[in-house]
Structures are given as C-alpha cells and as structure tokens.
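An overview of the molecular structure
Each chain, written out:
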Amino acid sequence: MTAHFASITLRPFTLEDISAFTAAVNKSLDTLLPWMVWAHENYEEKEAASWINFTHLQRATGEAHEFAIVDEQDRLLGGAGIRFSRFQGDFSALGYWVRSDVQGKGIASQAVNQLLKFGFERPAIKTIEILAAEANTASRRVAEKCGGRFVDYRYGLIILDSGPVNTAIYHFHRPQK
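Our subject in this report is the structure included herewith. (Residues numbered from 1 in each chain as written. Predicted model: local features only at pLDDT ≥ 70, side-chain atom pairs only at ≥ 80, totals over all residues. Heavy atoms only, no water.)

**Some points on unusual backbone geometry**
What counts, and what does not: Numbering of helices and strands runs from the N terminus, with a helix taken as a DSSP run of H or I at least four residues long and a strand as a DSSP run of E at least two residues long. Note on exposure labels: buried denotes an accessible area under 20% of the residue type's maximum, exposed denotes more than 50%, and partly exposed covers the range between, all computed with a 1.4 Å probe on protein chains only.
Unusually for a residue other than glycine, Asn 42 sits at a positive phi of about 60°. By secondary structure assignment, the location of Asn 42 is in the loop between helix H2 (29–32) and helix H3 (45–61). Residue class for Asn 42 comes out exposed when judged on its relative accessible area of 61%. For Asp 74, which is not a glycine, the phi torsion comes out positive at approximately 65°. By the secondary structure assignment, Asp 74 is in the loop between strand S2 (64–70) and strand S3 (76–83). Residue Asp 74 is classed as partly exposed on the basis of its relative accessible area of 43%.

Structure (structure tokens):
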C-alpha cells in the first residue's frame, strides 16, 4: 500500500528544523547527490543552520522565499522555494527536493502548486520557471504534472559536480482570469 499525503504545508524554516533537515539530507543522499551540489556525505547541523539563517536573510531582502515542506504532524518532508527575478526579462524560479523515503507520493507536486499560487500573487510575475537537469526525470515529471510547458534544453544552466549538463526548461504562465 502506498501512502499519499493528503495535505502538506509550506512554512518558513526555523532553527528548530536543524536536526530534522540534517537527518533528511543524510538519509536522502541516494536521490540528492546526483542533482544537488550542496548535498554531500556527512552533511552537518552547522550547514543546515547556515542554510536556514540564509533563508531568513533572503526572505528579509525579498530575494526569495524558501520553505520547509511539512506534513500534518509538522514532520519535515523536504524543502521548496521561489527565487524572484532581479532583472527585467528574467524569470522567477522554483526549486524543490523531497526526502527519499517519501518520494513518489505527490509531495513535490503539491509544493510546486502552492508555490505557483504564492508566486503569481505578485502582479509583476508573469512567468515562473523550473530548471531541471535533462536526466533528472523525477524533477521533470513534477514540472510536467503541474502543467509546466517544456520550452527547450540549454547546456550549462545547471552545473553539477560532474560539470555542466543539459538543462530542461519549463515555464508556467500567470493563469488568466
């Protein structure tokens, strides 16, 4: 039987999330290492604390909003965020990751849909994009499931530990009223 998460919540990270975040990263290296350059063996609590503090700075400056993805019991399931465009012609972008032990249960899709709604609350945002390594089929499926329109591949927009890779670009346009 596969559990489905009926409801997830996005909330700002707090310093109380440090231990759970560290554990989630270390237990999810099988799916994080290929795609997330910040993930590594023996990820430490001081790194999680630094990230969480940085998310607070980004929120304060209006550059980005990073969120903990939590379930009904406030258990950390992963992270998701939106970075706002800083220059005319750039797009705001979404990113997400989900703990290995709860992947495939609709969590990332729920988080993306909530972030899209949140992002489009800003009148200036007309397009939001998701970038995923061409070979990252799980992330690409989330973008497609949430209605992202595949735009193109571009080489080098994502640089992994192995070097630059082809990047799949997905766009989401502001819903028409």
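**Notes on the pattern of salt bridges**
For clarity, the cut-off: A side-chain nitrogen of Lys or Arg and a carboxyl oxygen of Asp or Glu constitute a salt bridge if their distance falls within 4 Å.
According to the stated counting rule, one finds seven salt bridges in the structure shown. Salt-bridge contacts for Arg 11 lead to Asp 74; the nearest nitrogen and oxygen are separated by 2.8 Å. With a gap of 63 residues between them, Arg 11 in strand S1 (residues 9–12) and Asp 74 in the loop between S2 and S3 connect regions that are remote in the sequence. In this structure, Arg 99 and Asp 101 form a salt bridge, with 2.8 Å as the shortest nitrogen-oxygen distance. For Arg 99, a relative accessible area of 18% corresponds to the buried category.

**Things to note about helix H1 (residues 18–27)**
What counts here: Note that the arc is defined by the directions from the helix axis to the C-beta atoms. Contacts were defined at the residue level, with two residues in contact if any of their heavy atoms lie within 4.5 Å.
Of the residues making up H1, those classed as buried are Ile 18, Phe 21, Thr 22, Ala 24 and Val 25. For H1, the angular spread of the buried residues around the axis is 165°, confining them to a single face. Tucked inside the fold, the buried residues of H1 contact H2, H3, S3 and strand S4 (92–98).

**Structural notes on the packing of H1 against H3**
To keep things clear, this is the line we draw: In this analysis an axis means a line fitted to C-alpha atoms, helices contributing only their contacting stretch, and an angle means the value between N-to-C directions, from 0 to 180 degrees. Take the far helix as the reference: if the near one is turned anticlockwise from it by less than a right angle, the crossing is left-handed, and if turned clockwise, right-handed. Amino acids are sorted into nonpolar (Ala, Val, Leu, Ile, Met, Phe, Trp, Tyr, Cys and Pro), charged (Asp, Glu, Lys and Arg) and polar (every other residue, Gly among them).
At a minimum axis distance of 9 Å, the contact between H1 and H3 shows a crossing angle of 115°. When the axes of H1 and H3 are compared, the crossing they make is right-handed. Residue-level contacts link Ile 18, Ser 19, Phe 21 and Thr 22 of H1 to Glu 45, Ala 48, Ala 49, Trp 51 and Ile 52 of H3. Grouping the constituent residues of the contact of H1 with H3 by class yields six nonpolar, two polar and one charged.

**Describing the packing of aromatic side chains**
Selection rule: When the centres of two rings from Phe, Tyr and Trp lie within 6.5 Å, Trp using its six-membered ring, the rings pair. Their planes under 30 degrees apart give stacked, over 60 give edge-to-face, and anything left gives tilted. Throughout this description, the term charge over a ring refers to an Arg CZ or Lys NZ atom that lies within 6 Å of the ring centre and within 35 degrees of the ring normal.
Enumeration over the complete set of coordinates arrives at 10 aromatic pairs. Note on Trp 38 and Tyr 43: the rings are 6.0 Å apart at their centroids and 70° apart in plane angle, and the pair reads as edge-to-face. What makes Trp 38 partly exposed here is its relative accessible area of 31%. Given a relative accessible area of 7%, Tyr 43 falls into the buried group. On the numbers, 6.0 Å between centres and 45° between planes, the contact of Trp 51 with Phe 54 is tilted. Linking Trp 51 with Phe 54, this pair stays in helix H3, spanning three residues, or about one helical turn. Put simply, the rings of Phe 13, Phe 21, Trp 38, Tyr 43 and Trp 97 pair up and form one aromatic cluster. Sitting above the plane of the Phe 84 ring, Arg 122 keeps its charged end 3.5 Å from the centroid.

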